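# Understanding the architecture of this molecule
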Amino acid sequence: MITVKTGIRPEEVRQQAQHVLFVEGKDNESVDPKTLSQLFDKTIRIEPMGASYSVKSVAEALFAYHPTYYFLIDRDHHDENFVDRCWNNFPDPGTYNLLIWRKREIENYFLDPEYLQQSKYCKVSKDEITRKILQFVNERLYLDVANHVVTSIREELKGTWINKFSNPAEFPSETTALAKLQSANEFEQHKNNVTEKVSGAEIETRFNDFLQKMTGGTNPLNFGHGEWIGMCQGKKIFTQVINSGCFQVLGTSGAPLAGKEKLNAVVKDLLQKDSSIQPQDFVSLKQLIEARVSGSV
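No experiment lies behind these values; they were computed from the predicted model shown. (Residues numbered from 1 in each chain as written. Predicted model: local features only at pLDDT ≥ 70, side-chain atom pairs only at ≥ 80, totals over all residues. Heavy atoms only, no water.)

## Digging into the overall build of the chain
Going by this rule: Put simply, DSSP H or I for four residues or longer makes a helix, DSSP E for two residues or longer makes a strand, and each gets a number counted from the N terminus. Only protein chains enter the accessibility calculation, which uses a 1.4 Å probe. A residue is then buried if its area is under 20% of the maximum for its type, exposed if over 50%, and partly exposed in between. In short, Shrake-Rupley with a 1.4 Å probe defines the accessible areas, and a residue's cover is counted only from the protein chains shown. We score Asp and Glu as negative and Lys and Arg as positive, and we do not count His or the chain ends. Lys charges are placed at NZ, Arg charges at CZ, Asp charges at CG and Glu charges at CD.
Summing up its helical and strand segments, the chain has 14 helices and four strands in all. The C-alpha extent of the chain, read off along each of the three principal axes, is 75 × 55 × 35 Å. The 297 residues of the chain split such that 40% are buried. Element-wise, carbon and sulfur atoms account for 50% of the exposed surface of the chain, whose accessible area totals about 16,600 Å². Computed over 35 positive and 39 negative side-chain charges, the separation of the two mean positions in the chain equals 5 Å.

Structure below.
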């Protein structure tokens, strides 16, 4: 059945048509768009756009033509200075209207026992939620540390370490072209750089550095020590916590929900709570975007 909505205010049209926040996620049922749609409550359109590299690539291509398009991605490999610059200067053409979560993934913000216990679907004590989070994150500690090492090395080796040639006069024949390539110092320099970064000593140093950063010297992990809450793979941990028996969500038929439906129900319920209990980055994000939509910045 088709219905016609009347009495639409001009600002509603402007908000929905012009202002769009592109986020990670394969569809509207993914956690990022589901969470942010609840957070903004139709103030702005939320559109999923695949993995972070897709969102960032589109941001670079479109921001100059669509100043009311905004882009939000996971922390991944981005350093703290760049992340802070995105938040402090938003909207910033220099960072193509991009925002980056300060924690690794949006799910990391839910790894807070006090916050999770506010859900009407929570069936256990705060202490039990704390125990579950610590259990799951400790089980993955060394995997997450190793993956941080892999990501850091991989990102550092991605750079443009050699520029393409541009002068045709330097390439008059097959022989000179090959000789020009073989004599380029950049190849040898890059080989040495790769060798250094993948050496056993360098890998061990990076592993120990990331381990120290995550644990804060406390192993097994515990709240209040280290930066593990922001660095662990929150998507995996949060899913485990929700499905660990700490939460129960009943569907319309009275049968318990599971999987993505259960997780999204918990997220939706939490985002409906008062702003005073929401993660600070959620509050800051909403303030930044709403200021843009209202035209105050």
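## Focus: the state of the cysteines
Applicable threshold: A pair of cysteine sulfur atoms is labelled a disulfide when the two atoms are within 2.5 Å.
The tally for this structure, following the rule as stated, stands at zero disulfides. Residue Cys 232 stays outside any disulfide, its sulfur separated by 16 Å from that of Cys 246, the closest cysteine. With no disulfide of its own, Cys 246 has Cys 122 as its nearest cysteine by sulfur position, at a separation of 6.6 Å. Residue classification places Cys 246 among the buried positions, given a relative accessible area of 1%.

## Quick notes on the pairing of strand S2 (residues 45-48)
Within a regular strand, the side chains alternate between the two sheet faces. Counted only if it meets this: Whether two strands pair comes down to DSSP finding at least two bridges between them. By definition, the crossover connecting two strands over a helix is right-handed if that path, from the first strand to the second, turns clockwise as seen with the strands pointing away from the viewer.
Judged from the four bridges that link them, strand S1 (residues 20-23) and S2 form a sheet pairing that is parallel. By the bridge assignment, Leu 21 is partnered in S2 with Ile 46. Taken together, S1, helix H2 (residues 31-40) and S2 constitute a β-α-β crossover, and its handedness is right-handed.

## Description of the side chain of Asp 74
Formally: A contact between two residues is defined here by any heavy atoms of the two lying within 4.5 Å.
Counting through the fold element by element, Asp 74 comes out in the loop between strand S3 (69-73) and helix H4 (80-88). What Asp 74 contacts, discounting residues up to four positions off in sequence, is Glu 24, Asp 32, Ile 100, Trp 101, Arg 104, Glu 105 and Ile 106.

## Topic: H4
Definition in use: Throughout, the arc means the angular range of directions from the helix axis out to the C-beta atoms. We define a polar contact as two N or O atoms separated by no more than 3.5 Å, with the added condition that, inside protein, one atom must be a possible hydrogen donor and the other a possible acceptor, whereas residues neighbouring each other in sequence contribute only through side-chain atom pairs.
What H4 keeps buried is the set Phe 82, Val 83, Cys 86 and Trp 87. Taken end-on, H4 shows its buried residues confined to a sector of 135°, consistent with a single buried face. In this structure, H4 carries Glu 80, Asn 81 and Asn 88 as exposed residues pointing more than 90 degrees from its buried face. On the buried face of H4, the contacting elements are strand S4 (98-100) and helix H14 (280-294). Measuring from the backbone nitrogen of Asn 81 back to the side-chain oxygen at the start of H4 gives 3.0 Å, which picks out Asp 79 as the cap.

## Some thoughts on the pattern of salt bridges
Here is the rule we go by: The term salt bridge refers to a pairing of a side-chain nitrogen on Lys or Arg with a carboxyl oxygen on Asp or Glu at a separation within 4 Å.
Counted according to the given criterion, the structure contains 16 salt bridges. Between Asp 84 and Arg 102 there is a salt bridge; the shortest N-O distance is 3.6 Å. Linking Asp 84 in helix H4 with Arg 102 in the loop between S4 and helix H5 (113-116), this pair joins segments that are 18 residues apart in sequence. Classification of Asp 84 as partly exposed rests on a relative accessible area of 24%. We classify Arg 102 as partly exposed; its relative accessible area is 31%. Across the pair Asp 281 and Arg 102 runs a salt bridge whose closest N-O atoms are separated by 3.0 Å. Here Asp 281, found in helix H14, pairs with Arg 102, found in the loop between S4 and H5; they are 179 residues apart in sequence, far enough to count as distant.

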